[in-house]
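Summary of structural features
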Amino acid sequence: MTQEVKRRLVKSSLVIMAATFIARVFGLVRLQFINFYFSKEFLDSFWAAYKIPNTLRELLGEGALSVAFIPVFTYYLMKKSKKEANTLASDVFNILFVFVLIVVIAGILLAPLLMPKYVSGFSSSQELVKMAILMSQIMMPFLLLMSMGALIMGILNSKKYFAAPAFAPIFFTIGMIASVFFLHKSMGPISLAIGVVVGGVLQVLFQLPFLRNKGLKYRFNFNLKHPGVKKILILMGPAALGLGVVQINQLLVPFFASFTTGGINALQISILLIQMPQAVFAIAISTAILPTLSEQVSKSNMTGFKKTMNDGLGMILFFTIPSTIFLFFMGKEVVTALFALGGKFGVMDAAFTAKALLFYTIGLIGMGGTVLANRFFYSLQDMKTPFYLALISVAVNLGLNLLFHSARLGFQFIALANSIAVILNFILLIVLIQKKAGLLKWSGLLLESMKILLSSFLMILAAYHLSPVITGMIPKSFLSNLISLIIVMIISASVFILFCKLFKVKEINMITGMFRKNGGK
């Protein structure tokens, strides 16, 4: 990888990280908002209903479509004409719209039949079951909106434009918060479902002007025999499962957690907290890397391809290791600071969420690594390998959930099952990557990982000792808890960066070097 490519990759990653971080902060505000207004029983129904269209969106839209579309669309941009690339994009848009519309209609019609089985633990409360059915029907169009948004994101990312798609989720949050604020008194929890659809509309509308600026001209084409379309469709099926291990495993949550009141809500909050560092760091880096990998494959630049993968994995470890250590030891403080603001979220809810967060944290490195490892195969247009490994992971997760459920070990073991499954998936992916390409420089990665791990433990020692001191200096309130957490996080991050610099961690030099170069311009 040339210095220019490396600089461009780091810069793109940082742009996506910054935008994703802001979007996730907005997402946390949304989470605080709805937990303030609604009790855990109603939120259990909402999250169970939301899980199906949202998971399908992550699998079909932002997941499989992106990784299947970007390499093929990039090839058309690099090897063919702009007109042919635009024709391909229009074909995919129209075909996707019709297909997802059929799925949405089927979801609405089948909800009364399937949802009661999906939330069998709600059987003692028919009100919650009926609410889950109605909310799932209202939210199904969200899948169509997000699938269109994912295609727009794929086009923009293929053209190396990352900011707008990364900022777009902020508008989803704004739409949802506004709907709940104005409608919660008149419509109750149903305002949550309406907010999801309103937010989806805003998220798509925000990206459209940027798409126009990139010169895409929409055509009313519907050619299933187009070679590019056929290639994308062939790639999408296996990619949906291969890329969506975490999401598919999450589909199991409402069924097993519905037997514990508040279990679904606690698991949902904790997985969203885990997905914050995963999205800000791992997904951001992987999103920035995929167009570069696809371009290097198109140019048969395998030396650059291998170097990009090594640098990408190093950067993911650099961010996910300290995130894992911090959340594992400070999870309870994080939950309390973010959500104990009064309203419907009580002490028991905080305790439930902290338990689930602890077990989800174990799998954070596996989640982040899996996202990137899958990109290796997808950039080579190999969808089968991640597909088969994902089947193993889902089977392990289901088996462990059945085992833990039959042993009545508690809802938090659902999170443990997910973590074990995703770690296994990551290990198998890495083994096959090494076997297929031999591209990972293990001695260098291991040395860097040990430096990062040591810096992370020194960071958490500082956080562990500083947290009670800082908390004791400020009067007890939600705002003071939040300020204390922010101060501890800033100091912890500073300690981590300091020791990374002392230990000469390669990734910290890559990032600070990029800032110095930009500052000199």
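Look up: the structure comes first, before these words.
Below or above, wherever it landed, is the structure these notes cover. All values reported here derive from a predicted model rather than from experimental measurement. (Residues numbered from 1 in each chain as written. Predicted model: local features only at pLDDT ≥ 70, side-chain atom pairs only at ≥ 80, totals over all residues. Heavy atoms only, no water.)

A look at the overall build of the protein
A tally of helices and strands in the protein yields 20 helices and zero strands. A separation of at least 24 residues holds for 85% of the contacts in the protein among residues at least 6 apart in sequence. Looking at the protein as shown, the accessible area adds up to about 21,300 Å², and 72% of this sits on carbon and sulfur atoms. (Helix = DSSP H or I, 4+ residues; strand = E, 2+ residues; numbered from the N terminus. Contact = heavy atoms within 4.5 Å. Areas by Shrake-Rupley, 256 points an atom, 1.4 Å probe, with all protein chains shown as cover.)

Some words on the nonpolar core
It is characteristic of soluble globular proteins that their nonpolar side chains tend to be buried jointly. Membership of the largest hydrophobic core comes to 141 residues, with the highest contact counts inside it found for I34, F46, W47, F69, L267, F326 and F339. Sorting elements by how many residues they give to this core places helix α13 (residues 302–339) first, with 18 residues. Residues in contact with L267, not counting those within four places in the same chain, are V253, A257, A356, Y360, F411, I414 and A415. Counting five residues, the second-largest nonpolar core is a separate cluster that includes I16, A19, F162 and A166. (Core = buried A, V, L, I, M, F, W, Y, C linked by side-chain atoms within 4.5 Å. Buried < 20%, exposed > 50% of the residue type's maximum accessible area, 1.4 Å probe, protein only.)

What about the pattern of salt bridges?
Under the defined criterion, the tally for this structure stands at two salt bridges. With a shortest N-O distance of 3.8 Å, K40 and D349 are connected by a salt bridge. Of this pair, K40 sits in helix α2 (residues 40–79) while D349 sits in helix α14 (residues 347–361); the two residues are 309 residues apart in sequence, bridging distant segments of the chain. Residue classification places D349 among the buried residues on the basis of a relative accessible area of 9%. A salt bridge links K451 to E448; the shortest N-O distance between them is 3.6 Å. In this pair, K451 and E448 are both assigned in helix α18 (residues 442–473), three residues apart and thus about one turn of the helix distant. Note on accessibility: K451 and E448 belong to one class, buried. (Salt bridge = Lys/Arg side-chain N within 4 Å of Asp/Glu carboxyl O.)

Observations concerning the packing of aromatic side chains
Under the definition given, this model contains 23 aromatic pairs. Both rings, one in F33 and one in F181, keep their centres 6.5 Å apart while their planes meet at 45°; by these two values the pair is tilted. Of this pair, F33 sits in helix α1 (residues 3–37) while F181 is found in helix α7 (residues 169–187), placing the two residues 148 residues apart along the sequence. Pairwise contacts between aromatic rings join F33, F36, Y37, F181 and F182 into one cluster. (Phe/Tyr/Trp six-rings, centres within 6.5 Å; stacked < 30°, edge-to-face > 60°.)

Digging into the environment of L389
Inspection of the secondary structure puts L389 in helix α16 (residues 384–406). According to the relative accessible area criterion, L389 is buried, its value standing at 7%. In this structure the C-alpha to C-alpha distance between L389 and F426, which are 37 residues apart in sequence, comes to 9.0 Å. Apart from residues no more than four positions distant in its own chain, L389 is found in contact with N425, L428, L429 and L432.

Looking at the side chain of N265
Here N265 is to be found in helix α12 (residues 263–298). Every residue in contact with N265, bar those within four places of it in the chain, is listed here: N35, K40, L43, D44 and W47.

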